[in-house]
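Coordinate analysis (summary)
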Amino acid sequence: MTYSSFFQNQPVVGGVNGARVVVSRSFADFTPQASFDIKKCDVHRLEEGPPLKAELTREQGLQYYRIMQTVRRMELKADQLYKQKIIRGFCHLYDGQEACAAGIEAAINPSDHLITAYRAHGYTYTRGVSVKEILAELTGRKGGVAKGKGGSMHMYAPRFYGGNGIVGAQVPLGAGIALACQYQGNDQVCVTLYGDGAANQGQLFESFNMAALWKLPCIFICENNQYGMGTSMERASASTDYYKRGDFVPGIRVDGMDVLCVREATKFAADHCRSGKGPIIMELQTYRYHGHSMSDPGVSYRTREEIQEVRSKSDPISMLKERMLSNNMASIEEFKEIDVAIRKEVEDAAQFATSDPEPPLEELCNHIFHNNPPLEVRGTNPWVTLKSVS
Amino acid sequence: MASSLRCFLRTGKNAVSALQRREFHRTLPVAVQVTVRDALNQAMDEELERDERVFLLGEEVAQYDGAYKVSRGLWKKYGDKRIIDTPITEMGFAGIAVGAAMAGLRPICEFMTFNFSMQAIDQVINSAAKTYYMSAGQQSVPIVFRGPNGASAGVAAQHSQCFAAWYGHCPGLKVVSPWSAEDAKGLLKSAIRDDNPVVFLENELMYGVPFEMSEESQSKDFTIPIGKAKVERQGNHITLVTHSRYVSHCLDAAAVLAKEGIECEVINLRTIRPLDVESIETSVMKTNHLVTVEGGWPQYGVGAEICARIMEGPAFNYLDAPVTRVTGVDIPMPYAKILEDNSVPQIKDVIFSVKKTLNV
């Protein structure tokens, strides 16, 4: 699903006789484009930062809204399915952080690369996997994006390298992907995400060092949602200025709840990398509404008041919606229609995810090796020999 | 091989001229002597030339010509883009190599020794080995991790561990352990051309050892298939299964035992994973006796796996005695020469174990 097709799949809006008609109010009634002030980014080792204003067209606004709302509803549906025990194991939800995924994708090209850690459902979506394939992977069915073999933390797509379970391990991988971009001379960048918890991992500093030495086109992004599992950033990090932790790597600190701020900062970072200046670090200040995972209620180490305050004052979806409404860029009915369509999309996806069969046992041992003749795999006892094909 | 060895020793000629004299060889006179180090170098050189996605990274691989000179001359020939010196950050550069493999390149990641790979083992196992499976075939990782493995000489405990059993344990990896120069060249070329993560266990003490390389093996397309063992010496009385440096020990032991009328069949595993159990079984069904020889520790080792597999297969019924394992001593490697020498299998240990197994 490309960005443009999100818009083309706009739901039916209004119209006479219930016919399929696009918006009955003409586009001339809405403001087609507006300029918004965005928060200034703190910078580290940079002369200047991203611009203080962002342009937003009506189409873009509706796109970003749709994407963020889809991720929101998809994550809440996953919450529901988990509580019904239809999803099991690990499930790390992204609601609250939608502006990060949506803003980053808006700023990079489909030909660029992205890798993240385990809170990955949002990025799996923005990188092109359908809600249906994501939910079916969470429920462990054969229609899942990894055929049910990966689960929540191991979803992949072209130019999207997961979904990685080991905290921090994705960062050297991302630097390596950037090395491949540089090696192949294709002008692409790699967006490499990690959290405030992972920010203290040694392998990050090893990656910063090599990326800077070799000027790899890598955008390191710290999604700082203030808690590494149950440990607040103040209790884990001697320095919580994550955008400065790269030392010799320039950094910017960004309001991660504002999709426009994220977009402008990512554009700025991508330009920096593409112009051969080497890596850059972005710290996105964001927040997760859920606990660390579904086994964490998320209130033993933070207060309900804090969560509620962020929801009411800084929710990324509400903020975008209010901006568009107050600038007459869209109507409340339009947003409602989008919500209805998304609800249906997510419901249909959940329906598929709960009814699709589990992967067949015959495929248990497949996908051990690529481009390999079939091999035999020992089963649980010597009399069970299983077959593995590439 | 044994007869030509005796011949040239008698005449007092050195190895090179002995081979050049036609009457010693039925094989083509264009066979040359190549050290394992040079064979590895040739393999990398040829693969770097053949496919521009192939590159080498690791500590000291470029301007130092390689800590053990295995990559000598490659940086001069291919430059900074293809031969990359890294900082001393194994976890970081191994991860970078895996990421590069995911994004379309074909890296050769050198660990100065496999002891240091422990710092990076998460990237080898969790990022490289498991990814093809976790992604249900969407994301492959064509990478080679290579470097010297196992005991060296006088480098003590932290620098002498054998990782064959550790890596051999994991699905998603291929684990290769060459012995001769031909093994080294053919298997490294196969490893580089393989679209999967391959752990390539070299041996520092073998780097300088010269071997005859056939004309066929000098071709740029010469590869040895991964997963096939080689019978280095035929014999009827007992099977010796081994890998890497200990192939030499077994062949030397076999030469001594032959004088006493005991003919050993020596199998060079060449690959640890996937293990060529069939070759071992075929041999055991002929000889009825099996001794495994390895440098690594006994517990949960390569020999232990071979024992288990033999018991589970048809060859068990052909055994006239339990399988014997000859292994490194179950201790961290000591430094003093006398202690180190007695921590790893010696030729006399192989001979002794063969005789015990044959009950002679």
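- As named in an unreviewed UniProt entry, chain B is Pyruvate dehydrogenase E1 component subunit beta, taken from Dicentrarchus labrax.
- Regarding chain B, the relevant UniProt record gives this comment under Cofactor (unreviewed entry): "thiamine diphosphate".

- Chain A is annotated in an unreviewed UniProt entry as Pyruvate dehydrogenase E1 component subunit alpha of Dicentrarchus labrax.
- The UniProt entry for chain A carries this comment under Function (unreviewed entry): "The pyruvate dehydrogenase complex catalyzes the overall conversion of pyruvate to acetyl-CoA and CO(2), and thereby links the glycolytic pathway to the tricarboxylic cycle."
- For the record of chain A, the UniProt heading Catalytic activity (unreviewed entry) holds the text "N(6)-[(R)-lipoyl]-L-lysyl-[protein] + pyruvate + H(+) = N(6)-[(R)-S(8)-acetyldihydrolipoyl]-L-lysyl-[protein] + CO2".

Some remarks on the interface of chain A and chain B
- Facing the 37 residues of chain A at the interface are 44 residues of chain B.
- Between glutamate 312 of chain B and arginine 378 of chain A there is a salt bridge, with the nearest N and O atoms lying 2.4 Å from each other.
- Where chain A touches chain B, the interface holds 17 residue pairs in polar contact (both at pLDDT 80 or more).
- Looking at the side of chain A that touches chain B, the elements that each hand over two or more residues are helix H6 (170–184) and helix H7 (202–214) of chain A.
- A per-element tally of the side of chain A that touches chain B places H6 of chain A first, with nine residues.

So, the nonpolar core
- Counting 77 residues, the largest nonpolar core has Tyr194 of chain A together with Phe145 of chain B as the members making the most contacts within it.
- Excluding residues within four positions of it along the chain, phenylalanine 145 of chain B makes contact with Ala94, Val98, Cys109, Phe111, Phe114, Val124, Ala128, Val198, Val199 and Phe200 of chain B.

Comments concerning the sheet that holds strand S10 (residues 238–242) of chain B
Residues and elements named next belong to chain B.
- Read from one edge of the open sheet, five strands run S9-S11-S10-S13-S14, paired in mixed fashion. The open sheet terminates on both sides in strands that have one partner only, identified here as strand S9 (230–233) and strand S14 (324–326). Going across the sheet, the axis of each strand differs from the next one's by a mean of 25°, ignoring polarity.
- Pairing of S10 with strand S13 (residues 290–293), which is carried by four bridges, proceeds in the parallel orientation. Its bridge partner lying in S13, leucine 240 is registered against valine 291.

Here's the deal with the pattern of salt bridges
Residues and elements named next belong to chain B.
- With the rule as written, the count across this model stands at 44 salt bridges over all chains.
- For the salt bridge of aspartate 194 with lysine 174, the shortest nitrogen-to-oxygen distance reads 2.7 Å. Pair noted here: aspartate 194 is in the loop between helix H9 (181–193) and strand S7 (198–202) and lysine 174 is in strand S6 (residues 174–176), with a separation of 20 residues, a long-range link.
- Through salt bridges with shared partners, a single ionic network connects Glu46, Glu47, Arg50, Lys185, Lys189, Arg193 and Asp221.

Observations regarding the pairing of strand S12 (residues 385–388) of chain A
Residues and elements named next belong to chain A.
- When strand S11 (residues 375–378) meets S12, the two strands line up antiparallel, connected through four bridges. The residue of S12 that forms the bridge with arginine 378 is threonine 385.
- What sits between S11 and S12 in their antiparallel hairpin is a turn of six residues.

Regarding the confidence of the model for chain A
- Considering every residue of chain A, the mean pLDDT works out to 94; 93% of them sit at 70 or more.
- Note that residues 1–22 of chain A has pLDDT below 50 and, in this model, 36 contacts with residues that lie over four places away or in other chains.

Examining the side chain of glutamate 98 of chain A
All names here are of chain A.
- Relative to the helices and strands, glutamate 98 is located in helix H3 (residues 98–107).
- Under the relative-accessibility criterion, glutamate 98 is labelled buried at 1%.
- Within the local environment of glutamate 98, its side chain forms a polar contact with the side chain of arginine 72, the two groups lying 2.5 Å apart.
- Looking at glutamate 98, its side chain comes within polar contact range of the main-chain nitrogen of glycine 96, at 3.0 Å.

Focus on the UniProt feature "domain: Dehydrogenase E1 component" (unreviewed entry) in chain A
- UniProt marks residues 68–361 of chain A with the feature "domain: Dehydrogenase E1 component" (unreviewed entry), using the numbering shown here.
- Helix makes up 46% of residues 68–361 of chain A and strand 11%, and the two end C-alpha atoms of the span are 36 Å apart.

Considerations on the pairing of strand S10 (residues 280–285) of chain A
All names here are of chain A.
- Within S10, five of the six residues are buried, which leaves it mostly tucked inside the rest of the structure.
- As paired strands, strand S6 (residues 218–224) and S10 are joined by six bridges and run parallel to one another. By the bridge assignment, isoleucine 219 is partnered in S10 with isoleucine 280.
- Two elements, strand S9 (residues 251–255) and S10, share five bridges in a ladder whose sense is parallel. Within the sheet, the bridge partner assigned to glycine 251 lies in S10 and is isoleucine 281.
- Chirality of the crossover, the property in question, places the unit of S9, helix H9 (residues 259–274) and S10 among those that are right-handed.

Things to note about the sheet that holds S6 of chain B
All names here are of chain B.
- With mixed pairing, the seven strands of this open sheet are ordered in space as S3-S2-S4-S5-S7-S6-S12. Strands with a single pairing partner mark the edges of an open sheet, and in this sheet they are strand S3 (83–85) and strand S12 (271–273). Sheet twist, expressed as the mean angle between neighbouring strand axes with direction ignored, is 20°.

Observations concerning the confidence of the model for chain B
Residue and element names in this part refer to chain B.
- Residue-level pLDDT values for chain B average 93, and 92% of them are 70 or greater.
- Low pLDDT, under 50, characterises residues 1–23; the stretch is placed with 13 contacts to residues that sit more than four places away or in other chains.
- Under the prediction, the complex receives an ipTM of 0.91, its pTM being 0.91.

Quick notes on the packing of aromatic side chains
Residues and elements named next belong to chain A.
- The final tally for this structure, using the stated rule, is 15 aromatic pairs over all chains.
- Ring geometry for tyrosine 94 versus tyrosine 123: centroids 5.5 Å apart, planes at 65°, classification edge-to-face. Separated by 29 residues along the polypeptide, tyrosine 94 in the loop between helix H2 (58–83) and H3 and tyrosine 123 in helix H4 (residues 121–126) bring together distant segments of the chain. Like tyrosine 123, tyrosine 94 is buried.

Notes on the environment of asparagine 203 of chain B
Residue and element names in this part refer to chain B.
- Position of asparagine 203 among the secondary structure elements: in the loop between S7 and strand S8 (210–213).
- Given the relative accessible area of 8%, asparagine 203 is considered buried.
- Along the sequence, asparagine 203 and arginine 50 sit 153 residues apart, while their C-alpha atoms lie 26 Å from each other.
- If we skip the residues at most four places from it in the chain, asparagine 203 touches Pro148, Asn149, Ala151, Ser244 and Arg245.
- In terms of polar contacts, asparagine 203 uses its side chain to reach the backbone amide nitrogen of leucine 205, at 2.9 Å.

Analysis parameters
Residues numbered from 1 in each chain as written. Chains lettered and ligands numbered in written order. Predicted model: local features only at pLDDT ≥ 70, side-chain atom pairs only at ≥ 80, totals over all residues. Heavy atoms only, no water. UniProt positions renumbered as here; feature names shortened; annotations may be inferred. Contact = heavy atoms within 4.5 Å. Salt bridge = Lys/Arg side-chain N within 4 Å of Asp/Glu carboxyl O. Polar contact = N/O pair within 3.5 Å; in protein donor to acceptor, adjacent residues only side chain to side chain. Helix = DSSP H or I, 4+ residues; strand = E, 2+ residues; numbered from the N terminus. Core = buried A, V, L, I, M, F, W, Y, C linked by side-chain atoms within 4.5 Å. Buried < 20%, exposed > 50% of the residue type's maximum accessible area, 1.4 Å probe, protein only. Pairing = 2+ DSSP bridges. Axes fitted to C-alpha atoms, helices over the stretch in contact; angles between N-to-C directions. pLDDT = per-residue confidence, 0-100. Right-handed = clockwise from strand over helix to strand, strands pointing away. Phe/Tyr/Trp six-rings, centres within 6.5 Å; stacked < 30°, edge-to-face > 60°.

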